[in-house]
There are 2 protein chains.
Amino acid sequence: MSIRERRDRDRARRQQLIVTAARELAETEGWEGVTVRRLAELVEYSQPVLYSHFKGKADIVGAVAMEGFGELAAELHSARTAAASPAAALRGVAAAYLLFAQSRPAVYDAMFVMSIELPFAAADTPAAPRTAFAELLAALAPLAGDRDVETLGEVAWSALHGLATLARSNRLRASHQQARLDLLVEQLTR
Amino acid sequence: MSIRERRDRDRARRQQLIVTAARELAETEGWEGVTVRRLAELVEYSQPVLYSHFKGKADIVGAVAMEGFGELAAELHSARTAAASPAAALRGVAAAYLLFAQSRPAVYDAMFVMSIELPFAAADTPAAPRTAFAELLAALAPLAGDRDVETLGEVAWSALHGLATLARSNRLRASHQQARLDLLVEQLTR
DNA sequence: GGATCGTGTCTAGCGTTGCTAGTATCTAGC
DNA sequence: GCTAGATACTAGCAACGCTAGACACGATCC
């Protein structure tokens, strides 16, 4: 069965090639510039090949989003564990979150703006996004006091998400991002 | 020049007809179901007529967004002025904001998610969105203490925006919206 | 009153999109 | 070496945003 294995390997490699191409194209030209035709041209296969890997364009976006969740979880984790105090950990996690959204906007959009179909607070939520949220909860737990940690986590995440998206569409004063982060962290720390 | 006036009146009425049709269609089937062809059919004109009113589809979305800003500003205002205390006013404004986003999701998307091109914190920001933001600031001002009101307003708005969008895509626990609102208002009041 | 000129609307079509049916080709196994 | 099945391709469908060119109507001037 070695041939079968090699084929599966090749197929997985090609799938990754598609996801990477979609991601890079979205990052350079935005998601509106990502079409199945252009992706097919980039990976040097015909369109139907892409449809043998993914159900449709939305599925490709979802794959990019999944990759992003893994990276976000890892970066939040290292930001949290690298900090000396609980307060510094929270601040580091929040800053890492905003940096992620700012530096990879296309991936962030795929994760949180585009792919509506991805239940989070449900039983069938995939592992990666749950892990990322768990990192935020871990950073908040020591500072929660009498507040419900999970609710606090949802509010904190919402604030971060709002800061990230509104700032990027020029709806917040560009020069005050640091001040907003400071104020938010102070509110959460209390 | 009465004929000219009547024509302008008819034209304005037709423009409003298009905006209303777009809005209703988006509210019932989502923005992906709104096409120029369907809109033309709904208002019983051919496609080029729509392009004599709007530069393109994005422009129609923008018109719906503008209408939404006016309504949001009005609802935030009445929520704020109806409250007895500053704390109640803030809570009322926050609740009104979330109710707006929940009850008119398509309009909310047009305002904050779709039309990227609409600078907010800039000189040429239209009046309606600025008024809406001013309402939030007015509700926060009495409770700001030593915090910078404008920065606090941006953080509060970001949190509300995050709560609204993440809740709607099932990324927050549906049953805990009240608890999140309580916690957020308490944080802001402090 | 009849010709003229604009304004306003329509039909038709361009290029592109996501997606798929049907065909050809290539490979694995007997 | 031949057959069966997997695999990738060409070609095309319906729908999209948008626009060029033709047509009809109404106001204006001789």
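See the structure shown above.
How each quantity is defined
- Residues numbered from 1 in each chain as written.
- Chains lettered and ligands numbered in written order.
- Predicted model: local features only at pLDDT ≥ 70, side-chain atom pairs only at ≥ 80, totals over all residues.
- Near = placed C-beta within 6 Å.
- Helix = DSSP H or I, 4+ residues; strand = E, 2+ residues; numbered from the N terminus.
- Nonpolar A, V, L, I, M, F, W, Y, C, P; charged D, E, K, R; others polar.
- Axes fitted to C-alpha atoms, helices over the stretch in contact; angles between N-to-C directions.
- Parallel < 35°, antiparallel > 145°, perpendicular 65-115°, else oblique.
- Left-handed = near helix turned anticlockwise from the far one by under 90°.
- Contact = placed C-beta atoms within 7 Å.

> Is there a simple way to think about the protein's contact with DNA strand C in this case?
With respect to spatial proximity, 16 residues lie near DNA strand C, and among them Thr35(A), Gly56(A), Lys57(A), Ser46(B) and Pro48(B) are the closest. When contributions to the surface near DNA strand C are tallied by element, the ones reaching two or more residues are helix H2 (36-43) and helix H3 (47-53) of chain A together with helix H3 (47-53) of chain B. Ranked by residues supplied to the surface near DNA strand C, first place goes to H3(B) with four residues. Each residue belonging to the surface near DNA strand C can be placed in one class, and the counts come to seven nonpolar, six polar and three charged.

> What exactly am I supposed to notice about the protein's contact with DNA strand D here?
Near DNA strand D, the surroundings consist of 16 residues, among which Ser46(A), Pro48(A), Thr35(B), Gly56(B) and Lys57(B) are the closest. Of all the secondary-structure elements, those providing two or more residues to the surface near DNA strand D are H3 of chain A together with helix H2 (36-43) and H3 of chain B. With four residues, H3(A) is the largest single contributor of residues to the surface near DNA strand D. When the residues that make up the surface near DNA strand D are grouped by side-chain class, the tally is seven nonpolar, six polar and three charged.

> Quick question: what am I supposed to make of the packing of helix H5 (residues 86-103) of chain A against helix H9 (residues 177-189) of chain A here?
Helix packing for two helices is described by the angle between their axes and how far apart those axes are. Residues and elements named next belong to chain A. Across the interface, H5 lies against H9 with an axial gap of 10 Å and an inter-helix angle of 140 degrees. In terms of axis orientation, H5 runs oblique to H9. In this structure, H5 meets H9 at a crossing whose hand is right-handed. Residue-level contacts link Ala87, Leu90, Arg91, Ala94, Ala95 and Leu98 of H5 to Leu181, Leu184, Val185, Leu188 and Thr189 of H9. A per-class count over the contact of H5 with H9 returns nine nonpolar, one polar and one charged.

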